[in-house]
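Fold and geometry: a report
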Protein chains: 4
Amino acid sequence: MFISTIKSEGLAHLSYLLGDGGVAAVVDPRRDCEVYLHEARARGWRITHVLETHRNEDLLSGGAVLADLTGATVLHGPNAAGTVAYARTVREGESFDFGNLRVRVLETPGHTDDSLSFALYDRAFSEASAVGVCTGDALFVGDVGRTDFYPQRREEVAGLLYDSLRKLLALGDQAIVYPAHGAGSVCGGALADREFSTLGFERLHNPMLRIADREAFIARKLAEHHDQPPYFREMERLNLTGAAAAGPLAPPPLGAGEFAARVREGATALDVRPVAEFLGAHVPDSLALPVAMIPAFAGWMLASQERLVLVADGAAQAATAARHLARIGYDHVEGFLAPALPAWAAGGQAFRQVPAVSASAVRARIETAARDWTLLDVRGVTEVRKERIAGSRHVYVGELPARLAELARDRAYTVMCASGARATIAASVLLRAGFAQVDVFMGSTGAWKARGYPLEPA
Amino acid sequence: MFISTIKSEGLAHLSYLLGDGGVAAVVDPRRDCEVYLHEARARGWRITHVLETHRNEDLLSGGAVLADLTGATVLHGPNAAGTVAYARTVREGESFDFGNLRVRVLETPGHTDDSLSFALYDRAFSEASAVGVCTGDALFVGDVGRTDFYPQRREEVAGLLYDSLRKLLALGDQAIVYPAHGAGSVCGGALADREFSTLGFERLHNPMLRIADREAFIARKLAEHHDQPPYFREMERLNLTGAAAAGPLAPPPLGAGEFAARVREGATALDVRPVAEFLGAHVPDSLALPVAMIPAFAGWMLASQERLVLVADGAAQAATAARHLARIGYDHVEGFLAPALPAWAAGGQAFRQVPAVSASAVRARIETAARDWTLLDVRGVTEVRKERIAGSRHVYVGELPARLAELARDRAYTVMCASGARATIAASVLLRAGFAQVDVFMGSTGAWKARGYPLEPA
Amino acid sequence: MFISTIKSEGLAHLSYLLGDGGVAAVVDPRRDCEVYLHEARARGWRITHVLETHRNEDLLSGGAVLADLTGATVLHGPNAAGTVAYARTVREGESFDFGNLRVRVLETPGHTDDSLSFALYDRAFSEASAVGVCTGDALFVGDVGRTDFYPQRREEVAGLLYDSLRKLLALGDQAIVYPAHGAGSVCGGALADREFSTLGFERLHNPMLRIADREAFIARKLAEHHDQPPYFREMERLNLTGAAAAGPLAPPPLGAGEFAARVREGATALDVRPVAEFLGAHVPDSLALPVAMIPAFAGWMLASQERLVLVADGAAQAATAARHLARIGYDHVEGFLAPALPAWAAGGQAFRQVPAVSASAVRARIETAARDWTLLDVRGVTEVRKERIAGSRHVYVGELPARLAELARDRAYTVMCASGARATIAASVLLRAGFAQVDVFMGSTGAWKARGYPLEPA
Amino acid sequence: MFISTIKSEGLAHLSYLLGDGGVAAVVDPRRDCEVYLHEARARGWRITHVLETHRNEDLLSGGAVLADLTGATVLHGPNAAGTVAYARTVREGESFDFGNLRVRVLETPGHTDDSLSFALYDRAFSEASAVGVCTGDALFVGDVGRTDFYPQRREEVAGLLYDSLRKLLALGDQAIVYPAHGAGSVCGGALADREFSTLGFERLHNPMLRIADREAFIARKLAEHHDQPPYFREMERLNLTGAAAAGPLAPPPLGAGEFAARVREGATALDVRPVAEFLGAHVPDSLALPVAMIPAFAGWMLASQERLVLVADGAAQAATAARHLARIGYDHVEGFLAPALPAWAAGGQAFRQVPAVSASAVRARIETAARDWTLLDVRGVTEVRKERIAGSRHVYVGELPARLAELARDRAYTVMCASGARATIAASVLLRAGFAQVDVFMGSTGAWKARGYPLEPA
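Criteria and cut-off values
Residues numbered from 1 in each chain as written. Chains lettered and ligands numbered in written order. Predicted model: local features only at pLDDT ≥ 70, side-chain atom pairs only at ≥ 80, totals over all residues. Heavy atoms only, no water. Helix = DSSP H or I, 4+ residues; strand = E, 2+ residues; numbered from the N terminus. Rg over C-alpha atoms; globule rule 2.2 N^0.38 Å. Buried < 20%, exposed > 50% of the residue type's maximum accessible area, 1.4 Å probe, protein only. Contact = heavy atoms within 4.5 Å. Areas by Shrake-Rupley, 256 points an atom, 1.4 Å probe, with all protein chains shown as cover. Lys, Arg positive; Asp, Glu negative; His and termini not counted. Charge placed at Lys NZ, Arg CZ, Asp CG, Glu CD. Salt bridge = Lys/Arg side-chain N within 4 Å of Asp/Glu carboxyl O. Polar contact = N/O pair within 3.5 Å; in protein donor to acceptor, adjacent residues only side chain to side chain. Nonpolar A, V, L, I, M, F, W, Y, C, P; charged D, E, K, R; others polar. Least-squares fit on C-alpha atoms with pLDDT ≥ 70 in both. Axes fitted to C-alpha atoms, helices over the stretch in contact; angles between N-to-C directions. Parallel < 35°, antiparallel > 145°, perpendicular 65-115°, else oblique. Left-handed = near helix turned anticlockwise from the far one by under 90°. Pairing = 2+ DSSP bridges. Buried area = accessible area lost by both parts, 1.4 Å probe. Arc of directions from axis to C-beta. pLDDT = per-residue confidence, 0-100.

A look at the overall build of chain A
Regarding its fold elements, chain A presents 15 helices and 21 strands. Relative to the globule expectation of 23 Å for 458 residues, the C-alpha radius of gyration of chain A, 24 Å, shows essentially globular dimensions. In terms of overall dimensions, chain A has C-alpha extents of about 70 × 50 × 35 Å along its principal axes. When the 458 residues of chain A are sorted by exposure, 63% land in the buried category. Restricting the contact set of chain A to residue pairs at least 6 apart, pairs at least 24 apart contribute 69%. For chain A, the exposed area adds up to about 15,300 Å²; of that, 50% sits on carbon and sulfur atoms. Each charge class in chain A was averaged separately, 47 positive and 53 negative side chains, and the resulting centres sit 3 Å apart.

Following this line, the structure appears as structure tokens:
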């Protein structure tokens, strides 16, 4: 009897392959699901079931694909939005045996109405004490699921989550927790940077579980801020019908001429290189989105069927970018510029550099009250609420494309975040929109604080 | 903060890479320890410590090798047999921080005098509640460590283990258990076939932890049977001084002529192919030891510095065999026969086949009281105690090389176990010793029971 | 400018990835064509063309699949049987540039009417001297293509091949030869066991090119014997329309019960383990076809849409078998027995062993004129013509399923070949057909000759 | 019989694994030689010999390491500088058989006195016609070896090479050429960008072989310019004694504090990220040496035992850098900064950016005769001889560290090469030396020409 965790970086998505006696199930498979087949094959197990804890909004489920490849049955909770086309609806108390491993269904709504948890039992030892539980987006390590997806029913669903969490705790301290996300996910607020826990440990130390009172819990949930990137709607739609398998995820190389031609024909140049490389020299009007930041930000920046050509440090990086994009439904990656800079420039093509400015330089501008200049803070609401540089203006990087009208093209902007990474993405958004005077505060609040410069509460 | 389990098949040995904040420790590394370097590198972590739960008797520690490759400090418990040469001795209560991960030392003697456990804390949440514990060979999933290594002090050390287990349980139900062995290990009796558990689950369902009374626990431990393969002494000796790194583990191919020459010069022909292949055709006087069974049985069959040449289905299988052998100190693998059978025979070399007999044929021999014939059961003592075929004679496969004098070369032997696998090893031992009439009961007790034939208690 | 050889073991099929300046072509891709994508991606090249030297009869082309995955154009010679659906027809003299690499088409009929060769030029050095040439099945290292596919036009096509070879030689001694097959292929007679050559070396040393006279060449070709497995017709048919991509090639494990049930429902049990393992213990009525021998013999033994369940030493071997089967069009691999023997027997299932007999035992039977006994030689016609054991009867292993009526079920058969490998396949065919007394001459002619026993010419 | 090419990128070094009948030799192994073991193992061959074409000056031979791992005999030509410690000296005409593959030694001095070539024969076909030849650094595809290593004997050794090349051509047009380097190597001048050729093709089209007259050949060789990086002497010294095996090549991650401390203690910060990333933001006083350019330039920039800490985009890039460094004898890589920029800046550490200037900006500076400004061209002598920008000053990038005294710290320098890559390396050298006003001409001569701006001959 084993349970194996498969982590998708960036999305901080956790899926599980679990089984016993030669048969196995996958909990919450991602779209590019060959990883489950390989591991099952290596262990000599057959995948007979896919267990979905809920309809994901932040990524495409691989349930339909995996069912197609293996003949597995997909199990999903009752969904008011309509039946999940490729799944069978299961309810509280149903159970499924994989050798001695028994999986029992718990309905744990709150994050979504169709949220399930799966309690795990070792029948060789006990059919009463769960040895583990897959908690989906109900319970994370150090946090609980967000409850902002039903704006009309915010109090109700926060209360539902409270009840679901009590139901989970009733399984006992001894159960290991297997959540659907780890640290860095947008599906919770403050997940722990720890990849293992138990109901007992969470009961004692998870701040949200320590709120004993139902009303206090609801109030706390209502006060949380969560962003909803526009692609969430598309994920929800596709996860009802079932996403198709991703393609081969190996974008072909494109020469400078062909790259430029495709951009002229409407493709977006997406620069997935490290941020410092974008600052050093980039293809004008390209969008900066370093490969590791695609999962978090592509859904804010790209339209559903957008044509893409990549600027990448080689084929491997382009392939990783294509994989990240495919996981959230962007399938139109037409190729990548090969070689990238400086060869692009050596071919006579134009390039652009973005100045990187230091904390002391930013401070000097503030102190000298630089004219027609704005320090643009693109961090998230929660970060800004905590502390900010006096005089800075806040627009969240994700919302920047939709809020450009609030900014003035004839002003100079220094973009900042916590390090300079999100600031570079935002700078590229401004440059693409025709803003001419844009630079990036390298180090951002990190450097600011390290220098001992003052921050103020928002 | 992560903990990653590295499993060595065959030995059912579990080691762990754990860490936080860019620094990591390895708990109980095996000898071929590049796996830890690769995973640490992939995560971008530096290995600064090696934590040994005890001096292993069933495998070579990679502690000295890993320290040499990384500069890590090795920590070991107080050992009466002498100081572990490559380690620093630690005691109860010492603690080591890896980022937010705190490792606290518990002395948990019983299995060995130097046994340590390592309680794991997430300092970002609690310095009081352990979130996990590395239990070494003190506590397994579903079982506890064996206590037969100090024959003069059997009661004392069983009692020490009882006390150590209570100390572990005091960490709380919420702690995840990370033992040094999984199902199939010779270091316990009846480990669960489950790879994950918690102190809470074990407290409730581990049969040995449910024995509340100290004296009853001691009595139960004294009644257990455990085998001690002769190589254990060598492992203990080498684990005091520190084993050298294993070689490249890629035995070269040997033509038939060179293979035969090396056998003539004293090398042992070790046939690591599947058992049915040995039965079908093998090199005369070779020892059958299918690659997956090397960890359990090589230590019974091979002398410490024995020269070996392998019969294998290709280079990959030979390399796996060499790796298994290196883990328990057999470094003199000089090559493998390539190609094996039938090419060996097509070169004019002699071959041998072993008859595989069925349950009905064995039963007929018993019922007709076949003359000068013995049904030789080579299963373990614990299995035989449970049930046996009437009239069979028992010699454990591991002890067979040392007990050949009890058998008669002019008798016919049908060798059996639970399936036919260990029986094939035993048959090869008999054939090498000059026994002429040897066959193997294919299916053994499994087939016997499936047919509904009677078994009796021993 | 590079050319990379991709070899498919078993079929001894050679395909090539060649290119320059970021663009590449694949010559004669196999069906499971991810290998070309991976290598092209690793090099950062885009595959724009597929070049087919002819319509293959011994394997499925990956042309259609690769075109689908990459958008490449497939080029094929003029085919009288009809247009290749997924290809564009090219003729003598057309050329295609990949950077400085120029590929020029030569029509080189003989092996097939649509056979092309592709001369390779480095435009940076010379547009007149070819630096290499892809010769398809026209010219191999040490041999030339077979010309037995047009029984009505045997002399004509042999003459066409003669002319084509002269056309190739006219490219000059300096050109490297890149043929479509290496040693072991069924598409030639006596290919050299060398993987590299030039037109100059072949002109000097290829026995068929040293036949200066056209008529003598034709006579020599007409005297050759070649086997035509029944699946050739199916390959030709599918290679006109274009084969679909192969599935995931990871057969699931099947428990003994399910395995047996599928066999009862009509699936064929295909044992892909090493031959000695089949001899040692096998599932009754299974067909022996060791994984490396599938490419050569499956096409004789299996019907076009035959359902298959495998007996294999684990998932990796089963996957390799499924890959070999898919390359020649067998897609219905439903799973593999896991675990195989001896676990199958331990579950109470029947098993069977085949006696392996030695050269001296076979000789004794011949000398004592064993009654109702036949020594059945299943080697190929060419081998038997060269030398045979007096008194043996010859039926080629490939033809055995169709010629069983020539044999008698109440006779004993000892099956032989050159080593015992093909003999084991043949023995399994006999056993499946109800022959009761079948054994295998382990070592076969190899052992016979090594012992100095006499052979006679056929 | 096979020959497999193993290419080491960067060094453009080609080594070969060749063999037949289960035994194999490696020609010119590199230091990190596990690649040969893996391939030989996968094929099931034993490496019995190492063949060295000459004592390399540009990389460390793996001969001693491979001999140590496999027991192979190393063969080397007669070396006046002393005996190669780990090798046996062989002479003209000696031959070695690997199955049917015969390797015959030819002494082909000129590039070095100890240069050998190895003619390859397939004994199954001919012992007279070579089917291939390993030409070491005597003959390349499209070029011949450099002859500048014996300054006192320049004419003599150029003449020796002429004679050696005639000896090679005498093997016949049909022989395939297997040289020790491909395009990009510093061991020749103008190697073709093609990875395959024959003596016939080279005889017809290699410009140096088309010089029929011995004196004309010598004159042409004397007119060539070749650079000799200072590390060549160290390679020659180590290749006499035999380099030790490289370490594990997995530099550990270093936090910002530890990274900075090691730099303070004397380690050199080596930035192996792409050039644009260095321009965008880098650790002050680090040396830019993108990972792919290490083989060509590290030997100019780094002292023999120099301590190094890397700035890299992750562990994989750091490991590749360490591998490249180890191949040329730099073993003291102590770790890599993790994470790199922008995290380094967010920790409050200083960073630096280098302006990238365009062709039009450079032209404007020239036309306006910018004061105290120099356009510094760091290309190679051969490139500059062909064409240059009027008014630029030339110092080869490799020689820059030794010629800094020729430049003035109070001037502004725009550094250029052919693209901006070498210019970035040079810019980092200037910045480390305290030059304050340094920028990089992105696109360099490539962009200049693409714009149609004028170049002049040197």
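A word on the interface of chain D and chain A
One frequent convention defines the size of an interface as the accessible area lost when the parts assemble. Facing the 31 residues of chain D at the interface are 31 residues of chain A. Our count for the contact surface shared by chain D and chain A stands at zero salt bridges. On inspection of chain D and its partner chain A, the count reaches six residue pairs in polar contact (both at pLDDT 80 or more). Only α8 (275–280), α11 (343–346), β18 (356–357) and α15 (444–450) of chain D provide two or more residues apiece to the side of chain D that touches chain A. Looking at side-chain class alone, the side of chain D that touches chain A contains 19 nonpolar, eight polar and four charged residues.

Let's talk about the relation of the copies chain B and chain D
One copy of the chain maps onto the other through a rotation about an axis plus a displacement along that axis. Superposition record for chain B on chain D: RMSD 0.1 Å, screw rotation 180°, translation along axis 0.1 Å. Both chain copies can therefore be described as sitting about a two-fold axis. Closest approach to the rotation axis within chain B is made by the C-alpha atom of Pro-248 of chain B, at a distance of 6.6 Å. Both copies contact each other with a shared surface, as 100% of the interface residues of chain B are interface residues in chain D too.

Remarks on the packing of helix α3 (residues 154–169) of chain C against helix α5 (residues 214–223) of chain C
Residues and elements named next belong to chain C. Between α3 and α5, the least distance of the axes is 9 Å, while the angle of their chain directions is 125°. In this view, α3 runs oblique relative to α5, as classed from their interaxial angle. Here the hand of the crossing between α3 and α5 comes out right-handed. Of the residues in α5, those in contact with Arg-154, Glu-155, Ala-158, Gly-159, Leu-160, Leu-161, Tyr-162, Asp-163 and Leu-165 of α3 are Arg-214, Phe-217, Ile-218, Lys-221 and Leu-222. Across the contact of α3 with α5, the residue classes break down as eight nonpolar, one polar and five charged.

Some thoughts on the sheet that holds strand β21 (residues 412–416) of chain B
Across a sheet, paired strands are connected by hydrogen bonds in the backbone, their directions being either parallel or antiparallel. All names here are of chain B. Overall, parallel pairing links the five strands, which are arranged β18-β22-β21-β19-β20 in an open sheet. Here the strands that pair on one side only, and so sit at the sheet edges, are β18 (356–357) and β20 (393–394). Here five bridges tie strand β19 (residues 373–377) to β21, and the two strands are oriented parallel to one another. Paired with Trp-373 across the strands is Ala-412, a residue of β21.

Considering the pattern of salt bridges
Per the counting criterion, the structure on display carries 152 salt bridges over all chains. Across the pair Asp-97 of chain B and Arg-123 of chain B runs a salt bridge, and its minimum N-O distance is 3.4 Å. With Asp-97 of chain B in strand β7 (residues 95–98) and Arg-123 of chain B in the loop between β9 (116–122) and β10 (132–136), this residue pair connects regions lying 26 residues apart in the sequence. Under the relative-accessibility criterion, Arg-123 of chain B is labelled partly exposed at 29%. Measuring nitrogen to oxygen at the nearest pair gives 2.5 Å for the salt bridge that ties Asp-173 of chain C to Arg-203 of chain C. Of this pair, Asp-173 of chain C sits in the loop between α3 and β11 (176–179) while Arg-203 of chain C sits in helix α4 (residues 199–205); the two residues are 30 residues apart in sequence, bridging distant segments of the chain. One connected set of salt bridges, linked through shared partners, spans Arg-46 of chain A together with Glu-258, Arg-262, Glu-265, Arg-307 and Glu-334 of chain C.

Things to note about the interface of chain B and chain D
With 15 residues of chain B at the contact, the number on the chain D side is 15 residues. Of the roughly 1,200 Å² buried at the junction of chain B and chain D (both faces included), carbon and sulfur atoms supply 63%. It is Arg-41, Arg-46 and Pro-253 of chain B in chain B that bury the most area against chain D; as a group they hold 46% of the surface buried on that side. In this assembly, chain B and chain D are joined by two salt bridges. The shortest N-O distance in the salt bridge between Glu-258 of chain D and Arg-46 of chain B comes to 2.6 Å. On inspection of chain B and its partner chain D, the count reaches six residue pairs in polar contact (both at pLDDT 80 or more). For the side of chain B that touches chain D, the secondary-structure elements that each account for two or more residues are β13 (253–254) and α10 (315–327) of chain B. Across the side of chain B that touches chain D, the residue classes tally to ten nonpolar, two polar and three charged.

A word on unusual backbone geometry
All names here are of chain A. Residue Pro-339 follows Ala-338 across a cis peptide bond; omega there is -10°. Position of Pro-339 among the secondary structure elements: in the loop between β16 (333–337) and α11 (343–346). Phi is positive for Asp-28, which is not a glycine, with a value near 55°. Locating Asp-28 in the fold gives a position in the loop between β3 (23–27) and α1 (34–43).

Details of helix α5 (residues 214–222) of chain B
Among the residues making up α5 of chain B, those that are buried are Phe-217, Ile-218 and Lys-221 of chain B. Down the axis of α5 of chain B, the buried set is contained in an arc of 100°. They therefore lie on one face.

Remarks on the confidence of the model for chain A
Taken over all residues, the pLDDT of chain A has a mean of 95, while the share at 70 or more is 100%. Of the two predicted TM-score estimates for the complex, the pTM is 0.93 and the ipTM is 0.95.

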